[in-house]
Amino acid sequence: ALFSAAFQLSFLSSGAYLWAGSRRENRDAAGQGVGVRMAAYVRVNVLATCLSAPLVLWQFHQFPVYGLLVNAVVLPFLGLLLGLGLGIGLLGLWWLEGAHFLAGGVYLILRFYQGVTEFFTSLPGAVVVTGQPPLWGILLFYGALLAVLVWQGKRRFLVWMACTASLGLGLVLT
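Residues numbered from 1 in each chain as written. Predicted model: local features only at pLDDT ≥ 70, side-chain atom pairs only at ≥ 80, totals over all residues. Heavy atoms only, no water.

Asker: Looking at this structure, I do not really get the overall build of the protein. What am I missing?
Answerer: Summing up its helical and strand segments, the protein has eight helices and two strands in all. When the elements of the protein are put in sequence order from the N terminus, they spell out α-α-α-β-α-α-α-β-α-α. When burial is assessed residue by residue, the protein has 28% of its 174 residues classed as buried. Taking as baseline every contact in the protein between residues at least 6 positions apart, the subset at least 24 positions apart corresponds to 72%. (Helix = DSSP H or I, 4+ residues; strand = E, 2+ residues; numbered from the N terminus. Buried < 20%, exposed > 50% of the residue type's maximum accessible area, 1.4 Å probe, protein only. Contact = heavy atoms within 4.5 Å.)

Structure (structure tokens):
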């Protein structure tokens, strides 16, 4: 299970979202206007995509071009999906019919997710097939990113530049 793509991407993406969401500029956006909140949302999605891109390339040998757009559509429903799942689990301990009813909400959200992904994957150029990058390239990417994060201190802009440049180089070199 440790080497399965689902396990690796789940933990990497969750960690990236938790880390990016805990960043001061993203936490402070909660009390701000819509534009500031949207900018924080985009920053978190871009960072999570940058962090997961090498692993996606390693596991699937391709990169989803519209991944950021898909995330922008489906992620707002993630909290509801998780809440319903937790509610189903707890309610199912005492009232199975009620849990079954809540499961309908999960089903609808998952069908929506499926429809969104099917739509975006049907668009022209939805996936760039790169082949599997070499392991040294993946390790170099994460090593460089870690070095920048450790070095950056309060230089947040450099992290975004490093992510973007690394993602671009990774796509070009593979």
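So, next bit.
Asker: I keep staring at the layout of surface pockets and nothing clicks. Help me out?
Answerer: Empty space left among the atoms is revealed by rolling a probe the size of a water molecule over them. Its volume calculated, the largest pocket comes out at about 1,300 Å³. Lining the largest pocket we find 36 residues, and of these Ser13, Tyr17, Asn71, Val74 and Leu75 sit closest to its centre. With nine residues, the top contributor of residues to the lining of the largest pocket is helix α3 (residues 34–60). Along the lines of polarity and charge, the residues of the lining of the largest pocket split into 25 nonpolar, 11 polar and no charged. (1 Å grid on protein atoms, 1.4 Å probe; cavity = no way out; pocket = protein on both sides within 12 Å on 5 of 7 lines; lining within 4 Å. Points joined across faces, edges and corners; volume = space filled by probe spheres on them. Nonpolar A, V, L, I, M, F, W, Y, C, P; charged D, E, K, R; others polar.)

Asker: Explain the nonpolar core here, please?
Answerer: Note that soluble globular proteins tend to have their nonpolar side chains buried in a common cluster. Counting nine residues, the largest nonpolar core is built from Val70, Val74, Leu81, Leu84, Val106, Ile109, Tyr113, Val116 and Phe120. The element contributing the most residues to this core is helix α6 (residues 96–121), with five residues. If we skip the residues at most four places from it in the chain, Val74 touches Tyr113 and Val116. Ala16, Leu51, Phe141 and Leu145 belong to the second-largest nonpolar core, a separate cluster that totals six residues. (Core = buried A, V, L, I, M, F, W, Y, C linked by side-chain atoms within 4.5 Å.)

Asker: How should I be thinking about a nonpolar patch on the surface in this particular structure?
Answerer: Among the surface-exposed residues, Leu86, Leu90, Leu93, Trp94 and Trp95 lie close enough to one another that they form a single nonpolar patch of about 670 Å² accessible area. Within the secondary structure, Trp94 is located in the loop between α5 (78–91) and α6. For Trp94, a relative accessible area of 69% corresponds to the exposed category. (Patch = residues over 30% accessible without salt bridge, like charges linked within 9 Å, V, L, I, M, F, W, Y side chains within 5 Å. Areas by Shrake-Rupley, 256 points an atom, 1.4 Å probe, with all protein chains shown as cover. Salt bridge = Lys/Arg side-chain N within 4 Å of Asp/Glu carboxyl O.)

Asker: What am I meant to see in α3 here?
Answerer: Given 3.6 residues to a turn, an α-helix orients residues that are three or four positions apart in the same direction. At Ser52, α3 shows its maximal bend, which comes to roughly 40 degrees, and the proline Pro54 appears one to four places after that position. Just downstream of α3, His61 is the residue with a positive phi angle, here 60 degrees. (Bend = angle between axes of the 7 residues up to and from the residue.)

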